[in-house]
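Observations on chain architecture
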Amino acid sequence: MLSVLTGGLEAARLAQPPIAARVPELAPESIHAPHSALALEGVSLSFGGIHALRDVSFDLRPGEIRAVIGPNGAGKSSLVNVISGLYQADAGYIHLGGRRLRHLRPEALPKLGVARTFQNLALFPGLTVEQNVAAGLVFRRRHGLLAQLAGLPGARAEAAEVADRVRDVAGFLGITAHLHRLVSTLPYGLQKQVELARALVASPKVLLLDEPMAGMTATEKAEMAAHVRSARDRLGLATILIEHDIGVVMGLSDRIAVLDHGVKIADGTPPEVRRDPDVIRAYLGAEAA
Amino acid sequence: MSVFSASVTGARLATGFSLPVLVVLSLGFVAVPLTASPYVLEAILLPFLALSLAGLGLNLLTGYCGQVSLGSAAFMAVGAFAAYNFDLRTGLPIPVSIVLAALTAAVIGLVFGLPSLRLRGFYLAVSTLAAQFFVQWALTKFSWFSNGSPSGIIAAPVIELAGLRLDSAVGRYLFSLTIVTAITLLVHRIVSGPEGVNLIAVRDNETAAKVIGVPVLRTKLVAFALSSGIIGIAGVLWAFTYLRTVEPAGFNLDRSFQILFIVIIGGLATIRGTFLGAGLIVVFPLLLGRLSAFAFDGLIDAGLIKLIERIVLGGTIILFLIAEPNGLSAILSRLSARLRALVRRG
């Protein structure tokens, strides 16, 4: 595990594009800045006696790809689950869409412009690719069951709109050829793409990606990284990326937050984070620092 | 729970009827009334139609939306008694009484579906048992529902449409078939449209559905209401066209299980599977009775046959759950694919 990580760090050091230049003024704490797409303020979360998150503050700017890394059990997924309302923080606030919220309801996420993918695939195996992606637009539907059954013009126009949106996103991610297949019959890498499509179809402002490249081949990872980057470029998305592959993270992110045992131990641009003694200690153990 | 995530053929069906459906419909509407004996109509086709419709209703809830229910017979009873009482007390035309009965069953179903907002799987199944026992108790306890009849068994009204008395077996069969066909088309339209996406999304991954904005609670309640409404109409058909009596005893827990077995044997989340399952459940006991009469010449008494029937049926269900969780529908798909391959080769 450690050798994998150091290998990743090494590789990242060799091939390092100066991405951070795009985001001006990287003050590590700009929590209450009105221009952040999302911010956490002193969020703590515990399960019984285990502190999953301790007083974590964190901000995300529009158009930024923000990685969250850390060893296993560091609290990365907990962070995403707090933001998406699946866990309720014991303390702290979430700033989203100009509001300071104590808790989020998961049902309210799409309307707040937040979409996410899951660490383990969370698709609907009994639906086609097209239907899976279309499910990402259900929250916007204005026409009820009766209008659909009666085939009212409004309901039909809406169905056509949905189909158009789905085709757009599918084209963008290169999965058009598979639209009519049952999603459970697709290979794993493609299913991950479908999940990204479902998250992107409603044009969210904030995208939470929980290990989008886990279990992928190198080629698939590169493809997924390109998608994440071009989604940001085209839609101006703010992205939170949880990922274990340090090489990918270093190449893709504008800023990186490092969690260890639920505490944010470092936050900054990839070169800053790579030099940080705390980060090196967390990943490599005390002797290495 | 692998049974409940059984895959559905997601392929869009064309808006027109496919050839097999047309063949079945023309057989059902033309050939059967001309040729079938009253026995076939009364003993096989009428219960088959009513149970198919009940299975269809339960499949919408269990197969498509993933919510287990053991209260189907209760909703059948609600439908049958509601239709009887609307007919008795308002004198409205029978079709109107049936629509009102479906609405009544839907409302009761909605109420008993409320626990589904908190409970899942086994726990939900147990809470739907409450519907089963409560409805049967209420219908027996309050004689108002059966119009004060001392035995609790009442004769169902004769179905009249525009002055036409559908008293004969053929008449009742055609009435039943028309309703079942119409509702089957409706269900097909629901599950292949946007609402079908909601139902299956809730079944396949409730958390993901919630996070992407599928209205999980609303979808579950819609499923309970639609399902119970349809099962309510099935209850009307059972009482008015098949038994021609209305009584609470016929709508017991055994009936609920029977409907669940129809759905499991036929295949969850398939419409045609429901009809195959209902066919098997109706025809199988008759075949068994014939077989024993033929082979053992009446040596086996009726009670024993009833037991054998249960054992074989139970075994069949276990076999299906292990060997073919997608039910008869999946077997039929495989057979027709093989047949097509044979035709192409030959």
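For chain B, an unreviewed UniProt entry supplies the name Branched-chain amino acid ABC transporter permease and the organism Gemmobacter aquaticus. For chain B, the Subcellular location (unreviewed entry) comment in UniProt is given as "Cell membrane".

The name an unreviewed UniProt entry assigns to chain A is ABC transporter ATP-binding protein, from the organism Gemmobacter aquaticus.

Moving on to the overall build of chain B. Of regular secondary structure, chain B possesses 13 helices and 4 strands. Taking the principal axes of the C-alpha coordinates as reference, chain B spans close to 55 × 50 × 45 Å. Looking at chain B as a whole, 52% of its 346 residues are labelled buried. Put simply, 79% of the contacts in chain B that link residues at least 6 apart link residues at least 24 apart. A total of about 16,000 Å² of accessible surface is found on chain B, and carbon and sulfur atoms cover 72% of it. When the 23 positive and 13 negative side-chain charges of chain B are each reduced to one mean point, those points stand 11 Å apart.

Quick look at the confidence of the model for chain B now. All names here are of chain B. A residue-level look at chain B finds 95% of positions with pLDDT of 70 or above and a mean pLDDT of 90. Contacts for the low-pLDDT stretch residues 1–15, under 50 throughout, to residues beyond four places or in other chains number 25 contacts. In the model output, the complex is listed with pTM 0.87 alongside ipTM 0.85.

Residue and element names in this part refer to chain A. Spatially, the 4 strands line up as an open sheet ordered β2-β1-β4-β5, and their pairing is antiparallel. The sheet is open, and its two borders are formed by β2 (50–60) and β5 (99–101), each paired with just one other strand. Neighbour-to-neighbour, the strand axes of this sheet turn through a mean angle of 20°, independent of strand direction. Here strand β4 (residues 91–96) runs beside β5; their pairing, made up of 3 bridges, is antiparallel. Across the sheet, the residue bridging to Ile94 is Leu101, located in β5. In this fold helix α2 (residues 76–83) packs onto β1 (38–47), β2 and β4, with an angle of close to 115° to the strand it touches most, β1.

How each quantity is defined
- Residues numbered from 1 in each chain as written.
- Chains lettered and ligands numbered in written order.
- Predicted model: local features only at pLDDT ≥ 70, side-chain atom pairs only at ≥ 80, totals over all residues.
- Heavy atoms only, no water.
- UniProt positions renumbered as here; feature names shortened; annotations may be inferred.
- Helix = DSSP H or I, 4+ residues; strand = E, 2+ residues; numbered from the N terminus.
- Buried < 20%, exposed > 50% of the residue type's maximum accessible area, 1.4 Å probe, protein only.
- Contact = heavy atoms within 4.5 Å.
- Areas by Shrake-Rupley, 256 points an atom, 1.4 Å probe, with all protein chains shown as cover.
- Lys, Arg positive; Asp, Glu negative; His and termini not counted.
- Charge placed at Lys NZ, Arg CZ, Asp CG, Glu CD.
- pLDDT = per-residue confidence, 0-100.
- Pairing = 2+ DSSP bridges.
- Axes fitted to C-alpha atoms, helices over the stretch in contact; angles between N-to-C directions.

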